[in-house]
Amino acid sequence: MHRYSRNYYDPSVSINSFYQNIHDLKIEEISLERIEEFKRTSKILNKEYNNTYSDRPKGIRYSRVMDKIKTTPRIYNLNNSTEKLLFFMFSVDPEFEASLMHEECNNILQIKKKMESYFGVYDKNLISIERWYIKNLLSDELKQNFEEETERRVYK
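This text gives an overview of the structure that appears in the document. Note that the structure is predicted; figures quoted are calculated from it, not measured.

A word on the side chain of Arg 153
Then step 1. Of note, Arg 153 is situated in helix α9 (residues 140-154).
Then step 2. Judged by relative accessible area, which is 14%, Arg 153 ranks as buried.
Then step 3. For Arg 153, the side chain forms a polar contact with the side chain of Glu 104, separated by 3.1 Å.

Quick look at the structure:
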């Protein structure tokens, strides 16, 4: 049996633990400068998550990113829940693919299947984080790009 089989390690345990003690996103807890910093520094974890040479399944790499943020937030200079959630989002999905999947699919089963295929897990909270970010912090130009990409996928 592979040491990372689903019977040995279930990523949903880390996912539930990660979100357990984190409050809602608060716009007053974040600045545009911090977001730019997250975009730069999250690339380290993004490379680890997307490492195609890893023997770990993508779902396990996803939960490992969460574990690192949860257990060592000071290494990443994270001061509150909003920063942790946004840093996580940039670490695993800087292109908002989860939100695009949510918009293009007709039902929850399609969303789950697409997310599990793409991310290795289904994480409804990632969709919520991205939707909050898009609504509150994304520039008008990038919102327009997001909407155009959504329309392209829906009407393909």
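Here we look at the nonpolar core
Note that soluble globular proteins tend to have their nonpolar side chains buried in a common cluster.
Then step 1. In this structure, Tyr 62, Leu 86, Phe 88, Leu 126 and Tyr 133 are the most contacted members of the largest nonpolar core, which totals 41 residues.
Then step 2. Of all the elements in the fold, those that place two or more residues in this core are α1 (11-20), α2 (32-41), α3 (43-49), α4 (58-71), α5 (81-92), α6 (97-104), α7 (108-119) and α8 (124-136).
Then step 3. Among the elements that take part in this core, α5 stands out by supplying seven residues, more than any other.

What about α5?
Then step 1. The end-to-end C-alpha distance of α5 is 17 Å, a good match for the 16 Å that 12 residues give at a rise of 1.5 Å each.
Then step 2. Turning to α5, its buried residues number three or more, namely Ser 81, Thr 82, Glu 83, Leu 85, Leu 86, Phe 87, Phe 88, Met 89, Phe 90, Ser 91 and Val 92.
Then step 3. In this structure, the buried residues of α5 make contact with α1, α2, α3, α4, α7 and α8.
Then step 4. A side-chain oxygen of the first residue of α5 lies 3.1 Å from the backbone nitrogen of Thr 82; this N-cap is Asn 80.

Conventions we followed
Residues numbered from 1 in each chain as written. Predicted model: local features only at pLDDT ≥ 70, side-chain atom pairs only at ≥ 80, totals over all residues. Heavy atoms only, no water. Helix = DSSP H or I, 4+ residues; strand = E, 2+ residues; numbered from the N terminus. Buried < 20%, exposed > 50% of the residue type's maximum accessible area, 1.4 Å probe, protein only. Polar contact = N/O pair within 3.5 Å; in protein donor to acceptor, adjacent residues only side chain to side chain. Core = buried A, V, L, I, M, F, W, Y, C linked by side-chain atoms within 4.5 Å. Expected span 1.5 Å × (residues − 1). Contact = heavy atoms within 4.5 Å.

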